[in-house]
Amino acid sequence: MASTNTQWGMVIDVDKCIGCQGCVVACQSENNIPINTEDLFNQRRAIEWIRVERYWEGEFPDVKARFIPILCQHCNDAPCEPVCPVFATYHNNEGMNVQVYNRCIGTRFCANNCPYHVRFFNFWEPEWPETLTNQLNPDVTVRSRGIMEKCTFCIQRIRRTSREAARDGEELSDDSRELNPACVNACPTDTLFFGDLNDPDSKVAKLAKEEMSDDGRGYHLMPQYGTSPNVIYLKKVDESTKDSNGSHE
Amino acid sequence: MSLTRRQFLTLMGGSATAVAAAACGVPERELLVQSPIEMPEDMVTGLDNWYATIDRQNRAPLGVVVRVMEGRAKKVEGNVDYPVNRGKHNAVAEAGLQGLYHPDRIGSPLIRTGQRGEGKWEQLSWTDAVSRVAERLGELSGEETVFITNPVSAHTGLVVNRFAEALGAKHMSYEPLERTVLKASMKQVFDQEAMPDFDIENAAYILSFGADFLNTWESPVRYARGYGHFRQGENRSRGKLVHFDSRFSMTGANADEWVYVKPGYEGEVALAIANVMISAGLPDSPALHRITGQGSNSLESFTPQAVGSRAGVDPEKIVRIARDFLEHPPGLAIGGGSAGAHSNGLFNLNAIYALNYLSGSVDQLGGITFNPSPPISDLPTAPDATSFSDFRDLAGRMSGGQVKALLVRNADPFYGLPENTGITRASFNVPLIVSFSNRFDDTTMLADIILPENHYLEDWGTDIPDPGPGYQTIGFQQPVVRPFFESRGPHLGTKNFGDVLMTLAQVLEKDLGLDADNFKGLMENDARRLRELDRGSVRAANDKLFWNTILQRGGWWDTNASGDIHDPRSGQYSFPTAAQAPSTGGSGEFHLMPFETTGLTDGRGADLPWLQATPDPITTATWQTWVEINLKKAEEMGINEGDVVKVTSEQGSIEALAYPHPGISPDVVAIPVGQGHKGGGRYSKDRGANVLSILSPVTESETGALAWAATRVNLRRTGEWIRLPKFENTAPDLAEDGHRRIIPLTSG
Amino acid sequence: MLPGDFQPPKRPTGRRIALFGALGLGGVVGLVVVVVIATFVISAWLGLPLDAFGLNEGPDQPIAFPHPTHVEDLGLDCTFCHRNVTVGAAATIPAVGFCMSCHITVGDDKPEVEKLRNFHTSGIPVDWVRVHRVPDHVNFVHEPHIRHFSEQYGGASGTCQLCHGDVGSMVKVQQVRSLKMGDCVDCHRDNEAPTDCTTCHY
């Protein structure tokens, strides 16, 4: 694994997502995301690298709510990349859309250009009470004021696991748990899968192959923008609408 | 002060330079490298270790592994081995870390110096504190001492029970939303003491009534894990979930069909479903005979038509769902939450659980499986929660001066009990209140002496899961980090709760009849007993190896040890012939449904900022108390989102922010439990409102439990408006996404 | 004379000459100051500000630990004390207890050893002054670097001098390479190591 030919990707089975926010808090914990205070929510500046959107359908009594987790899609043709004047965001050779904090000058062009709204700006210096800083993850930079941040597929885990495997002379399996981003390990219903889309034996590659076919459930979020994301969604199944509405999208 | 333009510019320039200098400089501590005096062998700077332990932030403890670097806990993840959660965890377990490093934790024994509740404290040494408590307890008779804990099991339970016995004190277990009714129903329907397990993973059809089992009810992580397989598991077809509830909960949102039932009529709906099933013809069995009263269909008064009109459910729906349920075995019926929180709660739950006999899923794959008693007979499983009626009596005894000492551990009755019990007022007639809490919850605020216990990540312990996974399991909890306040020396800091009780007993010269003189010793002795069983997940050549392995794996379990359970067929329940109508407190316009949120659950998570900031799945609201009200009804009443509304019951009123949404019945308003603490530290103090305080004192008719979903309220706009902190719209709607509507499956 | 006509400049008076002289002198001094500051800034940018004045002899430490005594005289391996360098991110400074495994008996008459023993008995950790430091947004891990160079340079201890210089002969430890990003990237290129940003920045 982790050859030069790696293409990290994620498969999200919306049919399993229950909206429990487990992934959201796991991400906060792993990635040193500042505490989202009441004020930040009111200013619409709360930071959630992965978020769970809720959509209403219908009205009482025939009402439905749907959940869909949304994170950086790590697009192969990412709209955020060409607008950065300082190359702080770019696509690397592992298929990831990368944000380099020390290059970022805070123009926020990238956030403006992202159709998925998964980029977040640090309007203030992050602050924690002294004792809570004990929890901060030493593998992840604490972002300072004035820069952009977003989902990294928990690259610190990929780096650490591959490094330690190389040190101990071990082969790293593509579906190993240590490699997974925090959200994937936290998900109680196995909604999220992570792995190398270029490795035909990985779970994500198999799912992608199977579900992106004509009769599969796979789709990309907002395909009309042609962003070619590395995150694949699997449709929610709703049997009550199955017969009445054969077409979709 | 007047300021010229020039002065202003100078000041600006000066402060900008200062900011720039401060920003460019390297923080002083980064210019130092500390070399410690001694370094533990397994601690390598920059390398992480994952230690297995038990999470206790959740009401149903999970097996977790905690990432530790340089002696600090960094991350919690599920323990893949542990039978209850099998590697899964949730937001609550994750946030336990913030409890460990909470800025307002109590770090040493404290004694009150000001008036009670004034919040003035003085530090004192453990020896001093324990001897003061012992001296006071020594003067009292057993009846004058009351010991309130959370429902405790395994070794902590053992020590608590022995301590209460030795003192002759009354022991009460407290939970705000108690399980008394549920446990009584398990006893009557299945003849079980312990909660059974639900095999959601293998069920084909689930009928659930009132229980938000994917979110907060009983063992949500275990159920959610099963749910993943239930939906898209390999080698099975997609399961179907139908949820009957008076509120549109998270489980309701995930159900294939959510059916609104008038509050308190869940049991009748279940009986109507039973009626349809029996009419359709069921294979004869002894259980069926017993349940239906000798095989005759005695449910004439529960026809879908009659029940439908009473419960507000379309009769055709009842018939269709009942047939579907019958045609898709294994079918599982689950009930709880608000369905059991009415004056007829037991009637409801009994009827619901009896459906499992009709679908033939009792003690079957994909149905209900039962839990055996623990492998070591001394160890108690979690006791029944003491009912609300008992606590009301306690409040009476307290105000009458019959209670002289109150010991409270990990329970917050002064927060959770409705105002009308008068327990907070009554507490001023109790001369001694001792709290073992390490945070200033509402009860601890009114204590006289605080003997703070360790945080669970610093502590020893064991857990017998309840509900268990269907076989014998004991979780072992070990300290993953040194106690945070260890540096304050042996006389201050926090201690293990069991050890403190054992020391107290020693000072009081009471024999607890335990085979060790400290808590860890008790655990080690029983580990030895476990090894002698020579079965299960851990076997070892010697005791030391066994002990180490058991801590490494997070516990001991034996997947084959599912025997030794009461025969469920000896339950006493049979279908009733007459309905039992729910009664409500007050006569307001709306029925009030209190509910637990993902983050705060019953209020225990309110002091942790991650949980406060966790959006509620349905409303995405955070940090506040809100009122869910039907969108159209709100329009009629002129209520908009963020309007401060006064919710008034016959017992009092609270103010909260309106959140109108389309998923709730126009007759119902729903308010989350968990805010409105008077204490708990900076993140929870004086935040939001406590809906539990205005509940009517309606009790479940047979068990005396609090019928917390049986209050009616009125709503009135106060004219104020506060922005509701919610996550919704933080990112603009993905309006152009063609998938935002329900996406039908084309392949069928 | 009409206003707007060309007028030859007046000859400066004595007072004016003095003023211009003072201004000129001030300008020169100002220029020197600017150049000195620029030197500082530029050399700071290059990594070793004090090198320009030959002042980089390393900071004073709470205990004047002599590397030459331990390395050159006693022949200890670097990894004997900095033992985590082959497994983890930080090379780590040994715990005081580890020093005491020898110094419980060795070096009785030395005042610096006495300091060490005092730290040990009082239980106060030693606050060493950091000499090598990369900023917060850089994730530098020793282990893969040592692994890569070990074969070439005869074992783990042979590789240290590549970046740290001959510490064994330094009385006070000082920084010899700039350890700026350019330095890192050059070396990564030469050794065909990855130069993707996320190799170090995440």
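Structural data are supplied above this passage.
Predicted model only: the values in this text are computed from it and were never measured.

Here's the deal with the overall build of chain A
And then number 1: A count of helices and strands for chain A gives seven helices and ten strands.
And then number 2: A compact globule built from 249 residues would reach a C-alpha radius of gyration of about 18 Å, and chain A, at 19 Å, matches this within 12%.
And then number 3: By residue count, 64% of the 249 residues in chain A fall in the buried class.
And then number 4: Taken together, the 26 basic and 37 acidic charged side chains of chain A have centroids lying 3 Å from each other.

Considerations on the overall build of chain B
And then number 1: Along the backbone of chain B there are 21 helices and 26 strands.
And then number 2: In terms of C-alpha radius of gyration, chain B reaches 27 Å, essentially the compact-globule figure of 27 Å for 748 residues.
And then number 3: In terms of principal-axis extent, the alpha carbons of chain B reach across some 80 × 80 × 60 Å.
And then number 4: In chain B, which comprises 748 residues, the proportion classed as buried is 63%.
And then number 5: Here the contacts in chain B between residues at least 6 apart in sequence split such that 73% fall between residues at least 24 apart.
And then number 6: In chain B, the 69 positive side-chain charges and the 91 negative ones have mean positions that sit 4 Å from each other.

Some details on the interface of chain C and chain A
And then number 1: Between chain C and chain A, the residue contacts involve 15 residues of the former and 17 residues of the latter.
And then number 2: For the pairing of chain C and chain A, the buried interface totals around 1400 Å² over both sides, and the portion due to carbon and sulfur atoms is 55%.
And then number 3: There are zero salt bridges connecting chain C and chain A.
And then number 4: Summed over the shared surface of chain C and chain A, the result is eight residue pairs in polar contact (both at pLDDT 80 or more).
And then number 5: In the side of chain C that touches chain A, the residues fall into five nonpolar, six polar and four charged.

Some details on the interface of chain A and chain B
And then number 1: Taken residue by residue, the interface counts 86 residues in chain A and 93 residues in chain B.
And then number 2: Across the chain A to chain B interface the summed buried area is about 8000 Å²; carbon plus sulfur atoms make up 57%.
And then number 3: When the area that chain A buries against chain B is broken down by residue, the three leading residues are Arg44(A), Trp56(A) and Phe60(A), summing to 9%.
And then number 4: Put simply, chain A and chain B have ten salt bridges between them.
And then number 5: A salt bridge links Lys317(B) to Asp62(A), with the shortest nitrogen-to-oxygen separation between them at 4.0 Å.
And then number 6: Along the contact surface separating chain A from chain B lie 29 residue pairs in polar contact (both at pLDDT 80 or more).
And then number 7: Where the side of chain A that touches chain B is concerned, the elements lending two or more residues are α1 (22-30), α2 (38-42), β2 (51-57), β3 (64-70), α4 (155-167), α5 (182-186) and α7 (239-242) of chain A.
And then number 8: Along the lines of polarity and charge, the residues of the side of chain A that touches chain B split into 31 nonpolar, 23 polar and 32 charged.

Re the environment of His164(C)
Residues and elements named next belong to chain C.
And then number 1: The residue His 164 is located in helix α8 (residues 161-164) in this model.
And then number 2: Counting along the chain gives 33 residues from His 164 to Val 131, while the straight-line C-alpha distance between them is 10 Å.
And then number 3: Residue contacts for His 164: discarding those within four places in its chain leaves His 132, His 142, Met 170, Gln 174 and Val 176.
And then number 4: Reaching out from His 164, the side chain makes a polar contact with the side chain of His 132 at a distance of 3.3 Å.

Considering the packing of aromatic side chains
And then number 1: Under the criterion given, the structure shown has 36 aromatic pairs over all chains.
And then number 2: Measuring from ring centre to ring centre gives 6.1 Å for Tyr573(B) and Phe575(B), while their planes differ by 85 degrees; the resulting arrangement is edge-to-face.
And then number 3: The class of Tyr573(B) is buried, set by a relative accessible area of 9%.
And then number 4: An aromatic cluster of three or more residues is present, and its members are Phe190(B), Phe198(B), Phe213(B), Trp217(B), Tyr223(B), Tyr353(B), Tyr357(B) and Phe370(B).
And then number 5: Sitting over the ring of Phe123(A), Arg45(A) keeps its end group 3.6 Å from the ring centre.
And then number 6: Taking the ring centre of Phe121(A) as reference, the NZ or CZ of Arg108(A) above it sits at 5.0 Å.

Structural notes on the sheet that holds strand β20 (residues 555-558) of chain B
Residue and element names in this part refer to chain B.
And then number 1: Taken in spatial order, the three strands of this open sheet run β18-β19-β20, and their pairing is antiparallel. The open sheet has two free edges, formed respectively by β18 (461-463) and β20, since each of these has just one partner strand. Averaged over all pairs of adjacent strands, the angle between their axes in this sheet comes to 15 degrees, without regard to strand direction.
And then number 2: Relative to strand β19 (residues 472-477), β18 runs antiparallel, the two being bridged by three bridges. In the sheet register, Gly 461 faces β19, and the bridge partner there is Gln 477.
And then number 3: In the packing of helix α18 (residues 519-533) onto the sheet, the strands contacted are β18, β19 and β20, and the crossing angle to β19 comes to about 145 degrees.

Thoughts on the sheet that holds strand β15 (residues 405-409) of chain B
Within a sheet, each strand pairs with its neighbour through backbone hydrogen bonds, oriented either parallel or antiparallel.
Residue and element names in this part refer to chain B.
And then number 1: Reading across the sheet, the seven strands line up as β6-β5-β17-β16-β15-β7-β8 and stay open at both edges, with mixed pairing between neighbours. Looking at the sheet topology across the chains shown, the edges are occupied by β6 (121-123) and β8 (170-173).
And then number 2: Both strand β5 (residues 110-112) and β6 contribute to a ladder of three bridges, which runs antiparallel. Its bridge partner lying in β6, Leu 110 is registered against Gln 123.
And then number 3: Contacts from helix α3 (residues 126-138) reach β5, β7 (145-149), β15, β16 (432-435) and β17 (449-450) within the one sheet, and its direction differs from that of β16 by about 135 degrees.

The rules behind the values
- Residues numbered from 1 in each chain as written.
- Chains lettered and ligands numbered in written order.
- Predicted model: local features only at pLDDT ≥ 70, side-chain atom pairs only at ≥ 80, totals over all residues.
- Heavy atoms only, no water.
- Helix = DSSP H or I, 4+ residues; strand = E, 2+ residues; numbered from the N terminus.
- Rg over C-alpha atoms; globule rule 2.2 N^0.38 Å.
- Buried < 20%, exposed > 50% of the residue type's maximum accessible area, 1.4 Å probe, protein only.
- Lys, Arg positive; Asp, Glu negative; His and termini not counted.
- Charge placed at Lys NZ, Arg CZ, Asp CG, Glu CD.
- Contact = heavy atoms within 4.5 Å.
- Buried area = accessible area lost by both parts, 1.4 Å probe.
- Salt bridge = Lys/Arg side-chain N within 4 Å of Asp/Glu carboxyl O.
- Polar contact = N/O pair within 3.5 Å; in protein donor to acceptor, adjacent residues only side chain to side chain.
- Nonpolar A, V, L, I, M, F, W, Y, C, P; charged D, E, K, R; others polar.
- Phe/Tyr/Trp six-rings, centres within 6.5 Å; stacked < 30°, edge-to-face > 60°.
- Lys NZ or Arg CZ within 6 Å of the ring centre and 35° of its normal.
- Pairing = 2+ DSSP bridges.
- Axes fitted to C-alpha atoms, helices over the stretch in contact; angles between N-to-C directions.

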